[in-house]
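# Reading the structure
Chain by chain, the residues run as shown.
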Amino acid sequence: MKTLKDFSFKGKRALIRVDFNVPLNTTKEVTDATRIEAALPTISYILRQGGSVVLMSHLGRPSGGYEADYSLSHIVSTLSGLLGKAVEFAGDCIGEQSYSVTNNLGEGKVVLLENLRFHNEEKKGDSAFAEKLSKHGDIYINDAFGTAHRAHASTAIIASFFEGNSCFGLLMQKELESVRKVMQNSAKPFTAIIGGAKVSSKISIIQNLMDKLDNLIIGGGMSYTFVKAMGGRVGDSLVEDKYLEEAKAILNIAEDKGVRILIPEDSIIADAFDNNANRKTVDSSEIPDGWMGLDIGANAIEHYTKCIEESKTILWNGPMGVFEMDNFQAGTKKVAYSVVSATERGAYSLVGGGDSVAAINKYDLKEHVSYVSTGGGALLELIEGKELPGVAAIENF
Ligand code: AMP
């Protein structure tokens, strides 16, 4: 893996693709700076080495031209506060005015370019646009894991203009190492906990994991497609009938490969999708009409937590129930705590992809698992076994 350690940044301009796609409130203040904080180690490393830094990112979904709402100028003060130094802003990401800011950058200087997506060429992966961007730096660094699955000009195409002079930033390096640790060098037993609403969005992940896993724990709304595939009655629970065959195929593959699949034997069911609905615990295969499974039951929790606590490698994607509602969060919360106790006993735990990260944050356990990924789609594609354009570009040039 080509990393910062392979280069000397003294007197060099590092052009870094970061992910500063942060939420802003109505007065355009940053409401969650997690993504900016995640980029700080790379920026600080280069500055400590005597280099200068040019940052480029997208923000939101502008329609292709300048839109004040999506200007990266809104984040300058937050970035500057976190870095503890002044950040200069270039009013565009290409063009003479922007080059005049980034040319002859003095040691220790930091410049932020304007939103890349004010130019349609960014998302199209336009090569001429990528070449124009490349003029801002001597060494190209990709530290935007969140967009590494996109073949955009700044995330992938640009690397060809830095032959021998491109590498991953510290965040990308950590993300890739954590996935490799799980997918390539996993200590056994290896358990994946896959939950969330829909089986359709997780099927490729499950398929790609089947050769590697010892245990597959299924939870959340997707459980009921499996329960129905096995002949159970699921009432009004979330089911994707189109995926019944896929669910059966997974059960068969698991049997062939000796993967233990855990499907919730009991569920907490409700008579409405509402925290205050009537609720009771039943066998997951005997859910009456008019009722839906919204969390795993106490027996499932007992088996799941035992399995997790005996594991040496854990991958967790997706909640066990509707954890946003207090009455249906027990399964997710207990699973979160058992991932923590397995980690304390020496297991490697990677939590990633949307709502399991939200769950870990809800219970304030982020510091107690091995790694929480910052990437949603990018992480899922890596686990599906796909090559990410942003990763391949650095490896190829
Ligand atoms: P995903 O983005 O596919 O990981 O799904 C996460 C969402 O699934 C969360 O918002 C949960 O509330 C929801 N979810 C989890 N379990 C269930 C369930 N049993 N029925 C309906 N939705 C669920």
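The rules behind the values
- Residues numbered from 1 in each chain as written.
- Predicted model: local features only at pLDDT ≥ 70, side-chain atom pairs only at ≥ 80, totals over all residues.
- Heavy atoms only, no water.
- Helix = DSSP H or I, 4+ residues; strand = E, 2+ residues; numbered from the N terminus.
- Buried < 20%, exposed > 50% of the residue type's maximum accessible area, 1.4 Å probe, protein only.
- Contact = heavy atoms within 4.5 Å.
- Core = buried A, V, L, I, M, F, W, Y, C linked by side-chain atoms within 4.5 Å.
- Domains from an automatic or database assignment.
- Salt bridge = Lys/Arg side-chain N within 4 Å of Asp/Glu carboxyl O.

Following the sequence through the fold, I203 ends up in helix α7 (residues 203-209). With a relative accessible area of 7%, I203 lands in the buried category. C-alpha of I203 to C-alpha of M222: the two residues are 19 residues apart in sequence and 10.0 Å apart in space. If sequence neighbours within four positions are ignored, I203 has contacts with Y243, E246 and I250.

A separate point is the nonpolar core. In terms of nonpolar packing, the biggest core is built from 73 residues, with F145, I206, L209, L216 and F226 touching the most fellow members. Take this core: its biggest share by element is six residues, from helix α6 (residues 170-183). Two domains each provide a minimum of three residues to this core, namely domain 1 (4-170) and domain 2 (186-383). Dropping the residues within four chain positions of it, L216 is found in contact with A192, I194, I206, M210, V259, R260, I261 and L262. Among the nonpolar cores identified, the runner-up in size contains 31 residues, and F9, L59, L83 and I139 belong to it.

Moving on, we come to the pattern of salt bridges. According to the stated counting rule, one finds 14 salt bridges in the structure shown. Across the pair E122 and R17 runs a salt bridge, and its minimum N-O distance is 3.6 Å. Residue E122 is found in helix α4 (residues 121-124), and its partner R17 is found in strand β1 (residues 13-17); the two are separated by 105 residues along the sequence. For E122, a relative accessible area of 0% puts it in the buried group.

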